Amino acid sequence: MIIREIRENELGDLLELYTHLHELGVPENSARLRDTWAAICSDENHHIIVCEVDGRLVSSCVCVIVPNLTRNIRPYAFIENVVTHAEYRGRGYATACLDHARALAVKADCYKMMLLTGSKSESTLNFYQRAGYNSTDKTAFIQWL
């Protein structure tokens, strides 16, 4: 198992992994996709962490470090798109990705990390609790656009 940040040439592999999250398929290779990927790759605060096993991306999460003017001008980290390939679940790969994200947040002097999940599955919620997150400190509200 290798935990690292994604390489620029691995977009196709990442999109394929995202089909195990909630996507119905891989998006069309369009100018919008390429522009978005280029913006992500050039953003020093946007980290896509991957777990590689035998040359295959099997798990990933996104960690975005958000600059902030409160909390003594300390940033915070937002975690999104936590996913593990269905055939590789339950082996600690997502936990390793989240641990790497935490290390990035600590290095950036973040005062907190946040994530949201739409899952109501007890196993998923327990997974996030075991990873150090709680659902009691904050209340999340979503406005879909």
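Residues numbered from 1 in each chain as written. Predicted model: local features only at pLDDT ≥ 70, side-chain atom pairs only at ≥ 80, totals over all residues. Heavy atoms only, no water.

(A) Here's a closer look at the nonpolar core. Core analysis: the largest hydrophobic core is formed by 23 residues, its most contacted members being I49, C61, C63, I79, V82, L98 and Y128. Contributing elements (two or more residues each) for this core: β2 (46–53), β3 (56–66), β4 (76–84), α3 (93–107) and α4 (122–130). Beyond its immediate stretch of four places on either side in the chain, L98 contacts C61, I79, V82, F127, Y128, A131 and Y133. (Core = buried A, V, L, I, M, F, W, Y, C linked by side-chain atoms within 4.5 Å. Buried < 20%, exposed > 50% of the residue type's maximum accessible area, 1.4 Å probe, protein only. Helix = DSSP H or I, 4+ residues; strand = E, 2+ residues; numbered from the N terminus. Contact = heavy atoms within 4.5 Å.)

(B) Seen up close, a nonpolar patch on the surface. Together, L116, I142 and W144 give the surface a local cluster of nonpolar side chains, amounting to about 400 Å² of exposed area. Relative to the assigned elements, W144 resides in the segment after α4. The class of W144 is exposed, set by a relative accessible area of 78%. (Patch = residues over 30% accessible without salt bridge, like charges linked within 9 Å, V, L, I, M, F, W, Y side chains within 5 Å. Areas by Shrake-Rupley, 256 points an atom, 1.4 Å probe, with all protein chains shown as cover. Salt bridge = Lys/Arg side-chain N within 4 Å of Asp/Glu carboxyl O.)

(C) Structural context of the environment of V82. In this structure, V82 sits in strand β4. Measuring from C-alpha to C-alpha, the distance between V82 and Y18 comes to 9.1 Å, with 64 residues separating the pair along the chain. Leaving out residues up to four positions away in the same chain, V82 has contacts with L21, S60, C61, A94, L98, F127 and Y128.

(D) Molecular detail of the pattern of salt bridges. Tallied over the entire structure, the rule returns 4 salt bridges. Note that E10 and R4 form a salt bridge whose closest N and O atoms lie 2.7 Å from each other. Among the ionic pairs, R4 bridges to E52, the shortest N-O distance being 2.8 Å. Of this pair, R4 sits in strand β1 (residues 2–5) while E52 sits in strand β2, placing them 48 residues apart in sequence. Neither residue differs from the other here; R4 and E52 are each classed as buried.

(E) Quick look at the packing of aromatic side chains. By the definition in use, this model includes 3 aromatic pairs. Ring geometry for Y76 and Y111: centres 6.5 Å apart, planes at 75°, overall edge-to-face. You can see Y76 sitting in strand β4 and its partner Y111 sitting in the loop between α3 and β5 (113–115), a full 35 residues away along the chain. Overall, Y76 belongs to the partly exposed group, its relative accessible area being 22%. Geometrically, the ring pair formed by Y88 and Y93 is tilted, given 6.4 Å between the ring centres and 50° between the ring planes. Each member of the pair, Y88 as well as Y93, is classed as buried. (Phe/Tyr/Trp six-rings, centres within 6.5 Å; stacked < 30°, edge-to-face > 60°.)

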